[in-house]
Amino acid sequence: MLKTDRLLGIALTLLVAACGGGGGGGNSAPPTSGWVMGVFEPSTNFDALCVSPRSGIDPATGDPYPDRPGTVLNQNNWLRSWTNELYLWYREVPDINPAGFTTLDYFEELVTLNLTSSGNPKDRFHFTFPSDEWFALSQSGVQAGYGATWVLLATLPPRRAVVAYTEPNSPARAPNVNLMRGAEVLSVDGVDLVNDNTQAGVDILNAGLFPSAPNQSHTFGIRDLGSQTTRVVTMVSANITSVPVQNVTTVATNTGVVGYLLFNDHIATAEAALINAINTLQAASVSDLVLDIRYNGGGFLDIANELAFMIAGAGRTTGQIFERLEFNDKHPNSNPVTGQSPTRQFLSASVGFSPSVPPGTPLPSLNLNRVFVLTGPGTCSASEAIINSLRGVNVDVIQIGSTTCGKPYGFYPTDNCGTTFFTIQFRGVNAKNFGEYPDGFSPQNTTSTGGVRIPGCSVADDFQHALGDPAEGRFAAALGYRVGLTCTVPPSGMAKAALGVPMPADGVVYK
C-alpha cells in the first residue's frame, strides 16, 4: 500500500512496488517480543518510547516533547494497542506480531481488508505524515512545492498531466512561468512524462513533480492551453502557503445574483477567509450559491461545520445536529479521544482557528434553502460532511460534477515519536441519522455504479476554462440547472486507463 499520497502510480513497475504489503518478517519474530495474540496492554504503556527521542518544544502543544528512549518494538506495540482501542473496525484487523517490522510497515498492516458493497476497499484513508510537516500543513497550509496542483488524467503511458489550479504568489505564478489551468506537463527534467515507462524515469518524474523540500530546481516541458508548441520552464520549490478560499465572485442573472467561491482546503486559515467570503456574498444579496469543492480533500470538521451554518443560517440549524460521531463498540456513548459528547451541534460562532477571528465571533449567514456544490473524485471527508449535514436539515443540495471520494469517516491525527498517524476512528451521521456513503455522493444521472444519488448533473471536469468562469463546464451546468435546463448526457464517471486499471474519468488530484 502507498505510504504517502505524494507518490505517482505512473509506471507498471511503481504500481507493482506500491501494491505489496508491509514487509519485514510477518509472524516470524523471535519469542522475546513478548507478543501474545489477543492480549493488549494499554497504549499508554508504550506512549512516547522512541528510537529517536525529540528534544525541545512541541509546536503543536507548546510543551516539551514527551519522548523517552525506546525501541522500534515499543513504537509498534503502541500502534498495536492504539489501533485496538480506537480503530473503527478493530475487529477486522489481524493481530500480527509487531516484532520484525519497521514502524511504518507495521502501521500498514493495521487496517481492515474488507470491501464496500461496490468492491472498493473499505479503508482507503490509512496514512502517516512527519509530525512537523503535518503541523505546518494543517495550521497554515505550508508545504514544499511549486504552488501548482496537478491532475493525472492518465497514470500509465500514454499519460496526461494537467494543471488544476495554482496558488497566488507561488513559483507556478512567477512571470517567467505563469502556469494556468489546463496547461499540460509533457516532460520533467528531460524525461518524457507521456511515454517513459522505466523505473529510473518514474523516479525522476516523481522527484520533479513532488519535491521533498524547498530549493529544489526542476525543468518542465509545458504546453499551454490552446497552444501547439512546447515551452520549457524551470521552477524552484519553496514552502508554499495554501490560499484555501479563492475566486469569490458573483454572476448577475435574470433570476437573481449567484455567488461563487472556490474552497480548496479545510485548514485553519480557511476560517477567516470563509467568513470574509460569506460577508462579501451576503452584501451582494446572492439568491444562490455555487460552492466549488471539486479539489477539497477535507481537513478540520469544525471548518465544515462553520461553513454549513453560514450557508443555511440559524433558521434551519439552531438546535440541530451537524454531525454525530459514531466510534467503535468499545465507546458507544462518548468520544474516547476528547472525553466529550460525540454529538456536534451546528456552530453559529467561530471556533477561533484564525488570530483575526476571536473564538465566539458570531458567524454571518446567507440563509439559503439550497446550494449547488461542484464536486469531483477529490471531494472528500469534511467536504462530504458539508453535503451530508446540509441534507440533514433539509437544505436542497444540488451536485454538479462527478462522484465524491466516499469518506464518511474521520480520525484524530495522533503523534508518536515524530510521526503523525491517521487511522479511521469514527463515522459521522447527520441530523437524520444518515452517514452511509462509503462510495461517495453521485449526481442523479450518473451512469457508473456506486455512490448515493442526489439531485444534480454528472459533468466532467473542464480544463478549458478558468475556475470561476461562468462558461466553465460545471459552473455553467449549475447556472443552467437553476433555471430549469436538463442535464446533458453524463460524460463523467469511471473509465478504464491503460492495462485495465480503473481510475476516475476526471483524473486523480495530487495535493
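Residues numbered from 1 in each chain as written. Predicted model: local features only at pLDDT ≥ 70, side-chain atom pairs only at ≥ 80, totals over all residues. Heavy atoms only, no water.

As for the side chain of His 126
Okay, so step 1: Following the sequence through the fold, His 126 ends up in the loop between α3 (103-109) and β3 (127-130).
Okay, so step 2: When its relative accessible area of 5% is taken as the criterion, His 126 is described as buried.
Okay, so step 3: Of note is the side chain of His 126, whose polar atom sits 2.8 Å from the backbone oxygen of Phe 107.
Okay, so step 4: Engagement of the side chain of His 126 in a polar contact is seen with the side chain of Thr 423, the distance being 3.5 Å.
Okay, so step 5: Contact partners of His 126, with chain neighbours within four places excluded, come to Phe 107, Glu 108, Leu 110, Val 111, Phe 422 and Thr 423. (Helix = DSSP H or I, 4+ residues; strand = E, 2+ residues; numbered from the N terminus. Buried < 20%, exposed > 50% of the residue type's maximum accessible area, 1.4 Å probe, protein only. Polar contact = N/O pair within 3.5 Å; in protein donor to acceptor, adjacent residues only side chain to side chain. Contact = heavy atoms within 4.5 Å.)

Let's talk about the packing of aromatic side chains
Okay, so step 1: One pass over the full model with this rule turns up 24 aromatic pairs.
Okay, so step 2: Summarising the aromatic geometry, the rings of Trp 89 and Tyr 409 are spaced 4.8 Å apart at their centres and angled 80° between planes, so their arrangement reads as edge-to-face. Here Trp 89, found in the loop between α2 (72-86) and α3, pairs with Tyr 409, found in strand β19 (residues 409-410); they are 320 residues apart in sequence, far enough to count as distant.
Okay, so step 3: Looking at Tyr 409, the relative accessible area reads 9%, which means it is buried.
Okay, so step 4: Ring plane angle 85° and centroid distance 4.9 Å describe the contact between Trp 134 and Phe 422, whose orientation is recorded as edge-to-face. With Trp 134 in helix α4 (residues 131-140) and Phe 422 in strand β21 (residues 419-422), this residue pair connects regions lying 288 residues apart in the sequence. (Phe/Tyr/Trp six-rings, centres within 6.5 Å; stacked < 30°, edge-to-face > 60°.)

Concerning the pattern of salt bridges
Okay, so step 1: Overall, the coordinates contain 20 salt bridges when judged by the stated rule.
Okay, so step 2: Close ionic contact of Arg 181 with Asp 461 constitutes a salt bridge, the shortest N to O distance being 2.9 Å. Linking Arg 181 in the loop between β6 (160-166) and β7 (184-188) with Asp 461 in the loop between β25 (456-458) and α10 (473-481), this pair joins segments that are 280 residues apart in sequence. Across the pair, Asp 461 and Arg 181 agree in class, each one buried.
Okay, so step 3: For Arg 474, the salt bridge is made with Asp 461, and the minimal N-O distance between the two is 3.8 Å. With Arg 474 in helix α10 and Asp 461 in the loop between β25 and α10, this pair connects stretches of sequence that are 13 residues apart.
Okay, so step 4: Arg 474 gets classed as buried once you look at its relative accessible area, which sits at 1%. (Salt bridge = Lys/Arg side-chain N within 4 Å of Asp/Glu carboxyl O.)

Overview of the sheet that holds strand β13 (residues 256-263)
Okay, so step 1: The mixed open sheet is built from six strands, whose spatial order is β12-β13-β14-β17-β18-β25. Looking at which strands have only one partner, the edges of the open sheet turn out to be β12 (245-253) and β25. Each neighbouring strand pair of the sheet contributes to a mean axis angle of 20°, computed without reference to strand direction.
Okay, so step 2: By the bridge criterion, seven bridges tie β12 to β13 in an arrangement that is antiparallel. Bridge pairing in β13 places Val 245 opposite Phe 263. (Pairing = 2+ DSSP bridges. Axes fitted to C-alpha atoms, helices over the stretch in contact; angles between N-to-C directions.)

Quick word on the side chain of Thr 103
Okay, so step 1: Its location among the elements puts Thr 103 in helix α3.
Okay, so step 2: Setting aside its immediate chain neighbours within four residues, Thr 103 contacts Val 72, Gln 75, Asn 76, Leu 79 and Phe 421.

So, the pairing of strand β9 (residues 217-223)
Okay, so step 1: Across four bridges, β7 lies against β9 in antiparallel orientation. Residue pairing for β9: Glu 184 is matched across the bridge by Arg 223.

Some thoughts on the packing of helix α6 (residues 270-283) against helix α7 (residues 301-312)
Okay, so step 1: Look at α6 against α7: their axes get within 10 Å of each other, and the N-to-C directions meet at 5°. Taken together, the axis directions place α6 and α7 in an arrangement best described as roughly parallel. In contact with Ala 270, Glu 271, Leu 274, Ile 275 and Ile 278 of α6, α7 contributes Ile 303, Glu 306, Leu 307 and Met 310.
Okay, so step 2: Among the residues making up the contact of α6 with α7, the classes are represented as seven nonpolar, no polar and two charged. (Parallel < 35°, antiparallel > 145°, perpendicular 65-115°, else oblique. Nonpolar A, V, L, I, M, F, W, Y, C, P; charged D, E, K, R; others polar.)

Describing the nonpolar core
Okay, so step 1: If you look at the biggest cluster of nonpolar residues, it comprises 46 residues, and the most contacted ones within it are Leu 261, Phe 263 and Leu 291.
Okay, so step 2: Put simply, the parts of the chain that give this core at least two residues each are β13, α6, β14 (288-292), α7, β15 (321-326), β17 (370-375) and α9 (382-392).
Okay, so step 3: Tallying contributions element by element places α7 first for this core, with nine residues.
Okay, so step 4: Not counting residues up to four positions away in its chain, the partners in contact with Phe 263 are Pro 244, Val 245, Ala 270, Leu 274, Leu 291, Asp 292, Ile 293, Asn 296, Ile 303, Leu 307 and Ile 386.
Okay, so step 5: With 26 residues, the next largest nonpolar core counts Trp 82, Val 93, Phe 101 and Phe 107 among its residues. (Core = buried A, V, L, I, M, F, W, Y, C linked by side-chain atoms within 4.5 Å.)

Notes on the environment of Val 151
Okay, so step 1: Counting through the fold element by element, Val 151 comes out in strand β5 (residues 148-154).
Okay, so step 2: Ignoring sequence-local partners within four residues, the contact set of Val 151 consists of Arg 160, Ala 161, Val 162, Ala 164, Tyr 295, Phe 463, Asp 506, Gly 507, Val 508 and Val 509.

Here's the deal with the layout of surface pockets
Okay, so step 1: For the second largest pocket, the calculated volume is near 230 Å³.
Okay, so step 2: The wall of the second largest pocket is formed by Ala 164, Tyr 165, Thr 166, Arg 173, Leu 179, Met 180, Arg 181, Gln 246, Asn 247, Leu 262, Ala 466 and Leu 467.
Okay, so step 3: For the lining of the second largest pocket, the per-class residue count stands at seven nonpolar, three polar and two charged. (1 Å grid on protein atoms, 1.4 Å probe; cavity = no way out; pocket = protein on both sides within 12 Å on 5 of 7 lines; lining within 4 Å. Points joined across faces, edges and corners; volume = space filled by probe spheres on them.)

Let's talk about the pairing of β14
Okay, so step 1: Burial analysis of β14 places five of its five residues in the buried class, which makes it a mostly covered element.
Okay, so step 2: As paired elements, β13 and β14 share five bridges and run parallel to each other. The residue bridging Gly 259 from the neighbouring strand is Leu 289, located in β14.
Okay, so step 3: Assessed by its sense of winding, the connection that carries the chain from β13 through α6 to β14 is right-handed.
Okay, so step 4: With three bridges joining them, β14 and β17 adopt parallel strand pairing. The partner of Val 290 across the bridge, within β17, is Phe 372. (Right-handed = clockwise from strand over helix to strand, strands pointing away.)

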